[in-house]
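Descriptive analysis of the structure
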Amino acid sequence: MEQRITLITLGVADIARAKAFYEQLGWRGQEVEGTVFIQAGGLALVLWGRDKLADDAGIDDSGTDGFGGVTLAQNVRSRAEVDEVIATATTAGATVTKPAQETFYGGYAGYFADPDGHLWEIAWNPGFTLAEDGSLTVPDFSAMD
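Anyway, here's the lowdown on the structure attached to this text. Everything quoted here is computed from the prediction, not taken from an experiment.

Turning our eyes to something else, we now look at the sheet that holds strand β2 (residues 30–32). Taken together, four strands build an open sheet; the order of strands is β1-β4-β3-β2 and the sheet is mixed. Both edges of this open sheet fall to β1 (7–12) and β2, since each of them pairs with a single strand only. Neighbour-to-neighbour, the strand axes of the sheet open up by a mean angle of 25 degrees, direction not taken into account. Pairing of strand β3 (residues 35–40) with strand β4 (residues 43–49), which is carried by five bridges, proceeds in the antiparallel orientation.

Right under this line is the structure:
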């Protein structure tokens, strides 16, 4: 298996609501047959009905919400940008689960949940430089010893 991710699919309760939320964050997508595809750098974020996603994966969705052990993250270029993104998400209908604050690694980060409860971390990390196009390359930690 190649070491890459091409799609991240979020199961959502209401496609129109989810699409409107992400559009308020400035993300634009294409809706095709009840599925929204958003180009996000070198991968795509997909919004799809939660029931359809569960069926496609061959599982029963118990409908219980809660922490599923997964978060999405976006690294940004400054502390101020962390605050800006979280404020924009809050205005769009997100719930802040952890206000932005200094981190143990010398950065600054906070979390919000989208209207379907998907957690997003917005972080500025001085050790993770972003390229001009926003892409991130994991640093060589062995060289930091």
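Moving on, there is more to tell.
This next bit is on the sheet that holds strand β6 (residues 95–102). One open sheet accounts for four strands, arranged β5-β8-β7-β6; its pairing is mixed. Of all the strands in the sheet, just β5 (72–75) and β6 have a single pairing partner and so form its edges. Each neighbouring strand pair of the sheet contributes to a mean axis angle of 15 degrees, computed without reference to strand direction. Two strands pair when backbone bridges link them, and strand β7 (residues 108–113) and strand β8 (residues 119–124) are joined in this way by six bridges, in the antiparallel orientation. Within β8, the position partnered with Ala-109 by the bridge is Ala-123. Strands in contact with helix α3 (residues 79–92) are β5, β6, β7 and β8; relative to β7, the strand with the most contacts, it is inclined by about 10 degrees.

Its identity as a non-glycine residue notwithstanding, Glu-33 has a phi of 50 degrees, on the positive side. Position of Glu-33 among the secondary structure elements: in the loop between β2 and β3. Classification of Glu-33 by relative accessible area gives exposed; the value is 78%.

Each value, and the rule that gives it
- Residues numbered from 1 in each chain as written.
- Predicted model: local features only at pLDDT ≥ 70, side-chain atom pairs only at ≥ 80, totals over all residues.
- Heavy atoms only, no water.
- Pairing = 2+ DSSP bridges.
- Helix = DSSP H or I, 4+ residues; strand = E, 2+ residues; numbered from the N terminus.
- Axes fitted to C-alpha atoms, helices over the stretch in contact; angles between N-to-C directions.
- Contact = heavy atoms within 4.5 Å.
- Buried < 20%, exposed > 50% of the residue type's maximum accessible area, 1.4 Å probe, protein only.

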